[in-house]
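The chain contents come next:
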Amino acid sequence: GPVMNAERVFITETVDKKREQVTALRRSDGSVVWKRDWEGAMSVPFFARSNGDWIRATPALDGDTLYVAGMRDVLVALNSTDDSERWRLDFVKRFGADLPTFGFVSSPLIDGDSVYVQAGGGVARLRKADGQVVWHGARDGGGMMGSAFGSPVILTLAGKRQLVVQARTRLFGVALEDGAELWSLPVESFRGMNILTPTFAGKDRLFTAAYGGKTLGIDIRLENGGFRAVPAWEFKAQGYMTSPIIHEGHAYLQLRSQRALCIELATGAEKWTTSESFGKYWSMVAQSDRILALDERGELILFKATPEKFDVLSRRKVAESDAWAHLA
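Procedures and definitions
- Residues numbered from 1 in each chain as written.
- Predicted model: local features only at pLDDT ≥ 70, side-chain atom pairs only at ≥ 80, totals over all residues.
- Heavy atoms only, no water.
- Helix = DSSP H or I, 4+ residues; strand = E, 2+ residues; numbered from the N terminus.
- Rg over C-alpha atoms; globule rule 2.2 N^0.38 Å.
- Contact = heavy atoms within 4.5 Å.
- Areas by Shrake-Rupley, 256 points an atom, 1.4 Å probe, with all protein chains shown as cover.
- Lys, Arg positive; Asp, Glu negative; His and termini not counted.
- Charge placed at Lys NZ, Arg CZ, Asp CG, Glu CD.
- Pairing = 2+ DSSP bridges.
- Axes fitted to C-alpha atoms, helices over the stretch in contact; angles between N-to-C directions.
- Core = buried A, V, L, I, M, F, W, Y, C linked by side-chain atoms within 4.5 Å.
- Buried < 20%, exposed > 50% of the residue type's maximum accessible area, 1.4 Å probe, protein only.
- Phe/Tyr/Trp six-rings, centres within 6.5 Å; stacked < 30°, edge-to-face > 60°.
- Lys NZ or Arg CZ within 6 Å of the ring centre and 35° of its normal.
- Salt bridge = Lys/Arg side-chain N within 4 Å of Asp/Glu carboxyl O.

### Describing the overall build of the protein chain
Scanning the protein chain from N- to C-terminus turns up two helices and 28 strands. For a compact globule of 328 residues, the expected C-alpha radius of gyration is about 20 Å, and the protein chain comes in at 19 Å, within 12% of that figure. Overall size of the protein chain, expressed as C-alpha extent along the three principal axes, is 50 × 50 × 40 Å. Taking contacts inside the protein chain between residues at least 6 apart in sequence as the whole, the part at least 24 apart equals 45%. For the protein chain, the accessible area works out to roughly 14,400 Å², and carbon and sulfur atoms hold 47% of it. With 41 positive and 40 negative side-chain charges, the protein chain shows a separation of 2 Å between the mean positions of the two kinds.

Here is the structure:
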């Protein structure tokens, strides 16, 4: 997905199945300000190839530094004003990890003086100024089962600010200061397809859904001096790739069935599921009670966040080809 500041839009792409390219566009008219590229392409397994062999992670922009996750488990920090490279970290070389089967899918997360990523078969905290590793932990192994699909988030749960990570087989919390695991919960899925980014669902509650699994509400509790993850409710619907929008106690997401769902976070009760089927994937952004969804088939859908019904306000075709990038 693209990221932007007041003047520029930054996009990533894979060119000629050989190189990864970052382009800075002038936001006012789309003209090219600069381009930077490097060798970095790879091929994903056959059953995922229909969704593309190209660079996957949305970059992170922090002031004048752009953090770009390349497919081959390499994180590159670029000067956003002139394309000069500040540093890079190759996780495969640094940690002796396997090349991730589906590429570096997880987007970088900026917090204070650090950048957090799921890479090298685990989770890492880096100094954002120079890429030095502060800690690298929660290693589940590399290869097929070690490739993270979702992105980490920082949340305060059970009174502790922590990193929440969804890996291929489980959801877990990590201490920001040293990378120690605080709690862990297995999440059922088909072939480890835990793809959604875990989402805050109200006081000490998380929301997620998995391909081949279920839709879940999970509470994080502090008990006997330690943390524990406790399933609060489960719902039969299966998520796929769409991370949800949360608004006023309800979650809105697109399902494996290619229908959209609204679910109540307090109880796990279904409020509505659309009768209409869409493409394989939505990306969504929200402003107040308006949700904008980009359907994989190239249609942009504006609808109201309400548990009463699927209330479409406007629809517009914006692309003839498949649209996989996340909206900004």
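### Re the environment of Pro244
Tracing the chain through its elements places Pro244 in the loop between β20 (226-235) and β21 (245-247). Considered as a pair, Pro244 and Leu182 are 62 residues apart in the sequence and their alpha carbons are 24 Å apart. Other than its neighbours up to four places away in sequence, Pro244 contacts Leu196, Thr197, Thr199, Phe207, Tyr252, Leu253 and Met284.

### Thoughts on the sheet that holds strand β13 (residues 153-157)
Judged by pairing direction, the sheet is antiparallel, and its four strands sit side by side in the order β13-β14-β15-β16 without closing on themselves. One side of each edge strand has no neighbouring strand; the edge strands of this open sheet are β13 and β16 (181-186). Here the strands of the sheet are splayed against their neighbours by 30 degrees on average, with no regard to which way each runs. Of the strand pairs in this sheet, strand β14 (residues 160-166) and strand β15 (residues 170-175) are connected by five bridges, and their pairing is antiparallel. Bridge pairing links Gln162 to Ala175 in β15.

### Observations concerning the nonpolar core
Judged by nonpolar contacts, the single largest core of 26 residues is most densely connected at Val22, Val68 and Leu78. Every element with two or more residues in this core is listed here: β3 (19-26), β4 (32-39), β6 (65-70) and β7 (74-79). When residues of this core are assigned to their parent elements, the largest contribution, three residues, is made by β7. Look past the residues within four positions of Leu78 in its chain and what remains in contact with it is Val22, Trp34, Arg36, Trp38, Asp64, Thr65, Leu66, Val68, Asp83, Ser84 and Glu85. One finds Trp183, Leu206, Leu216 and Ile218 within the second-largest nonpolar core, a separate group that totals 17 residues.

### Side note on the packing of aromatic side chains
In total, this model carries 17 aromatic pairs according to the counting rule given. Relative to Phe95, the ring of Phe91 has its centre 6.0 Å away and its plane inclined at 25 degrees; by these criteria the two rings are stacked. With Phe91 and Phe95 both in helix α1 (residues 91-95) and four residues apart, this pair spans about one turn of that helix. Phe95 matches Phe91 in its accessibility class, with the two residues each being buried. A centroid spacing of 6.2 Å and a plane angle of 90 degrees characterise the contact between Phe91 and Phe104, whose relative ring orientation is edge-to-face. Here Phe91 is found in helix α1, whereas its partner Phe104 is found in the loop between α1 and β9 (109-111), with 13 residues between them in sequence. Exposure class is identical for Phe91 and Phe104. Each is buried. Counting every residue linked through ring pairs, the aromatic cluster contains Tyr252, Trp272, Phe278, Trp282, Phe303 and Phe310. Over the ring of Phe172 we find Arg170, and its NZ or CZ is 4.0 Å from the ring centre.

### Let's talk about the pairing of strand β12 (residues 133-137)
Relative to β12, strand β11 (residues 122-127) is paired through four bridges, and the arrangement is antiparallel. Looking at β12, one finds that Ala124 is bridged to His136. Counted between consecutive antiparallel strands, the loop separating β11 from β12 contains five residues, among which Gly131 sits at a positive phi close to 80 degrees.

### Examining the sheet that holds strand β17 (residues 199-200)
Taken in spatial order, the four strands make up an open sheet running β17-β18-β19-β20, and their pairing is antiparallel. At either margin of the open sheet sits one strand with a lone partner, and together these are β17 and β20. Where β17 lies against strand β18 (residues 205-209), two bridges are found, and the strand directions are antiparallel. Of the residues in β18, the one forming a bridge with Phe200 is Leu206.

### Overview of the pattern of salt bridges
Inspection of the entire model under this criterion finds 19 salt bridges. Ionic pairing is found between Arg205 and Asp219, a salt bridge with its closest N-O pair at 2.7 Å. Here the residue Arg205 occupies a position in strand β18, and Asp219 occupies one in strand β19 (residues 215-223), the gap between them amounting to 14 residues. For Arg205, a relative accessible area of 15% corresponds to the buried category. We note a salt bridge from Arg315 to Glu299, for which the minimum N-O separation is 3.0 Å. Taken as a pair, Arg315 in strand β28 (residues 311-317) and Glu299 in strand β27 (residues 299-304) lie far apart in primary sequence, 16 residues in all. When its relative accessible area of 35% is taken as the criterion, Arg315 is described as partly exposed. Through salt bridges that share partners, Arg19, Asp37 and Glu39 make up one connected network.

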